[in-house]
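The primary structure of each chain is shown beneath.
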Amino acid sequence: MAGKYIAVMRPLLQGDYPQQGVLPVSIILAKAVHLCFIGLLLLSSACTYRSAVDKPLTQWTPAMEQREGKQLTGERSSDLAVLLAFSGGGTRASAFAYGVLQELAATEVVTAQGARPLLHEVDMISSVSGGSFTAAYYGLYGEKIFTDFEHDFLRKDV
């Protein structure tokens, strides 16, 4: 069927059509049908469905529990909980969150590991909108935020 369609349409689309018996309206209609056909092909290629395969956990061991706990807590003190929440508000919120991180880095706290910046004790950061730029940058790049973020983001017209 598609081969027959292409064989009929090719001469019309390339302009190789006989002058007698073919009206310009039919050529326009043929080209419109051709474009609709291509459009439907493109749209249907984007309509795929793929279900995720979620395999159940077969076994959970105390060693796995300990490893996961260590990854979550890192080297932070278990005696101190520091949770940050950065609000939205565009670049001003990002700048405010950046200032908070700077102050936390400059503030020392004494824990079982000794004196260290309070920023190293942050357990969790929650953020929305503008504050999320700072939170995401810190999450990805850590303390590199203090050398790059202001120049790369805050001073840009975004």
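Just so you know, these numbers come straight off a predicted model, no measurement behind them.

Asks: Help me understand the side chain of Asp148 in this model?
Replies: Note on placement: Asp148 falls in helix 6 (residues 145-154). The class for Asp148 is buried, based on a relative accessible area of 18%. At a separation of 3.2 Å, a polar atom in the side chain of Asp148 contacts the side chain of Thr147.

Asks: Just checking my understanding: could you explain the side chain of Thr134 for this structure?
Replies: Within the element layout of this structure, Thr134 appears in helix 5 (residues 129-141). Overall, Thr134 belongs to the buried group, its relative accessible area being 0%. Apart from residues lying up to four places away in sequence, Thr134 is in contact with Ser94, Ala97, Tyr98, Leu101, Ile145 and Phe149.

Asks: Please explain the layout of surface pockets as it appears in this structure.
Replies: If a probe the size of a water molecule is rolled over the atoms, the empty space left behind becomes visible. Quantified by volume, the largest pocket comes out at close to 170 Å³. Around the largest pocket sit Leu119, His120, Val122, Asp123, Met124, Ile125, Ala135, Tyr138, Gly139 and Gly142, which together line it. Taken together, the elements giving at least two residues each to the lining of the largest pocket come down to strand 4 (122-127) and helix 5. Grouping the amino acids of the lining of the largest pocket by side-chain chemistry returns six nonpolar, three polar and one charged.

Conventions and cut-offs
- Residues numbered from 1 in each chain as written.
- Predicted model: local features only at pLDDT ≥ 70, side-chain atom pairs only at ≥ 80, totals over all residues.
- Heavy atoms only, no water.
- Helix = DSSP H or I, 4+ residues; strand = E, 2+ residues; numbered from the N terminus.
- Buried < 20%, exposed > 50% of the residue type's maximum accessible area, 1.4 Å probe, protein only.
- Polar contact = N/O pair within 3.5 Å; in protein donor to acceptor, adjacent residues only side chain to side chain.
- Contact = heavy atoms within 4.5 Å.
- 1 Å grid on protein atoms, 1.4 Å probe; cavity = no way out; pocket = protein on both sides within 12 Å on 5 of 7 lines; lining within 4 Å.
- Points joined across faces, edges and corners; volume = space filled by probe spheres on them.
- Nonpolar A, V, L, I, M, F, W, Y, C, P; charged D, E, K, R; others polar.

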